[in-house]
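The primary structure of each chain is shown beneath.
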Amino acid sequence: MSLQDVAIPSSQTRLQGCLALPDGPGPHPGVVVIHEIYGLNDNIRDITGRLAAEGYASLAVDLFAGRNRALCMARLIAGSLTGRDSLAVNDLRSSADFLAARPGVDPQRIGVVGFCMGGGLAIAWGCRDQRLRAIAPFYGTNPRPLTAVRRLCPVVGSYPGKDFTARFGRKLDARLETYGIVHDIKVYPGARHSFFNDQGKAHDPAASADAWERVLAFFAEHVRSAPATPVARPS
């Protein structure tokens, strides 16, 4: 598995990212990793490498690169809450384009993993991009209006019970059930925000291990083994 820093062309700016490619010949399924408010740090790089070790060509994009970090963070968070997050979604689309164009990557099998702010963006993006086969939001917010999720791809979501995002997870679970969208939403009662970050104070080893196994199993079915043509979703 190789790990390298890359420049990602975008209509807004030149993004930075971290690309991890699996060993062996492709074509490999791809995963875009979206960071939380701490940016593209060592934790996100580690997760990107872990996905590559599981056979996914993985790209973590730095949404703060070349921008005022505080202003960018405020816009991204506000956009995820109001549904006006087109700037970030456009950057994420460009990132998926970059990943899908890499040799050895199957452009028809792309998934997304996102954390906190990145989890909310994963959901918002998943409502707008038909090529995404599955998303895995961790403690993310929901789009407004919530009816937007009727266009979502399959979702495996993980939420901490001791956190405000737990209610977002429960609402998303109920709405996806109503719309008949394949999903696996789980709230971990004793976990806190950022429980998956093994370099943070809130790390929960048991919840993290279970969430990781759920994501891998879900992606194995809906990304790695996805049919050649995506299932049509409502427009």
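Located above this text is the structure these notes cover.
In this convention, every chain numbers its residues from 1, walking through the sequence in written order. Per-residue local features are limited, in this predicted model, to residues with pLDDT of at least 70; the limit for side-chain atom pairs, both in listing and counting, is 80 or more; totals at the level of whole chains, interfaces and linings are taken over all residues. Computation of side-chain values: all heavy atoms of the structure, hydrogens and water removed.

Caption draft 1: Highlighting the pairing of strand S5 (residues 105–115). Burial of S5 is extensive: 9 of the 11 residues sit out of reach of the surface. Strands pair, by our definition, only if DSSP identifies at least two bridges between them. Starting at the N terminus, helices and strands are each numbered in turn, a helix being any DSSP run of H or I of at least four residues and a strand any DSSP run of E of at least two. The sheet contact formed by strand S3 (residues 28–34) and S5 spans 6 bridges and is parallel. Among the inter-strand pairings, Val 31 is bridged to a residue of S5, identified as Gly 111. If the strands point away from the viewer and the path from the first strand over the helix to the second runs clockwise, then the crossover is right-handed. A crossover links S5 with its parallel partner strand S6 (residues 132–138), the connecting element being helix H4 (residues 117–126), and its sense is right-handed. Only protein chains enter the accessibility calculation, which uses a 1.4 Å probe. A residue is then buried if its area is under 20% of the maximum for its type, exposed if over 50%, and partly exposed in between.

Caption draft 2: A look at the side chain of Ser 94. With respect to the helices and strands, the residue Ser 94 is situated in helix H3 (residues 86–100). We classify Ser 94 as buried; its relative accessible area is 13%. In this description, contact between two residues means that some pair of their heavy atoms is separated by no more than 4.5 Å. Apart from the residues lying within four places of it in its own chain, the contact partners of Ser 94 are Ile 8, Pro 9, Ser 10 and Ser 11.

Caption draft 3: Representation of the packing of aromatic side chains within the structure. To pair, rings of Phe, Tyr and Trp, with the six-membered ring standing in for Trp, must have centres within 6.5 Å; the planes then decide the type, stacked if under 30 degrees apart, edge-to-face if over 60, and tilted in the middle. One pass over the structure, following the stated rule, counts 11 aromatic pairs. Look at Phe 138 and Tyr 139: their rings are 6.0 Å apart centre to centre, the planes differ by 75°, and that puts the pair in the edge-to-face class. Grouping residues by exposure puts Phe 138 and Tyr 139 together as buried. One aromatic cluster in this structure is built from Phe 115, Phe 138, Tyr 139, Tyr 188, Phe 195, Phe 196 and Trp 212.

Caption draft 4: Representation of unusual backbone geometry. Here the amide bond leading from Gly 26 into Pro 27 is cis, since omega sits at 5°, within 30 degrees of zero. Of note, the bond from Arg 144 into Pro 145 is cis; its omega dihedral lies within 30 degrees of zero at -5°. Within the secondary structure layout, Pro 145 lies in the loop between S6 and strand S7 (155–162). One non-glycine residue, Cys 116, lies in positive phi territory at about 55°. What makes Cys 116 buried here is its relative accessible area of 17%. Even without glycine at this site, Tyr 139 takes up a positive phi of about 40°. As for its position among the elements, Tyr 139 is in the loop between S6 and S7.

Caption draft 5: Just the sheet that holds strand S8 (residues 183–192), in detail. Read from one edge of the open sheet, 8 strands run S1-S2-S4-S3-S5-S6-S7-S8, paired in mixed fashion. At either margin of the open sheet sits one strand with a lone partner, and together these are strand S1 (2–8) and S8. Going across the sheet, the axis of each strand differs from the next one's by a mean of 20°, ignoring polarity. Sheet topology places S7 next to S8; 7 bridges connect them, and they run parallel. Each bridged residue has a counterpart across the sheet, and for Pro 160 the counterpart in S8 is Tyr 188. Against the sheet, H3 touches S1, strand S2 (15–21), S3, strand S4 (57–62) and S5, its axis set at about 150° to S4. To get an axis, a line is fitted to the C-alpha atoms, and for a helix only the part in contact is used. The angle between two axes follows their N-to-C directions and goes from 0 to 180 degrees.

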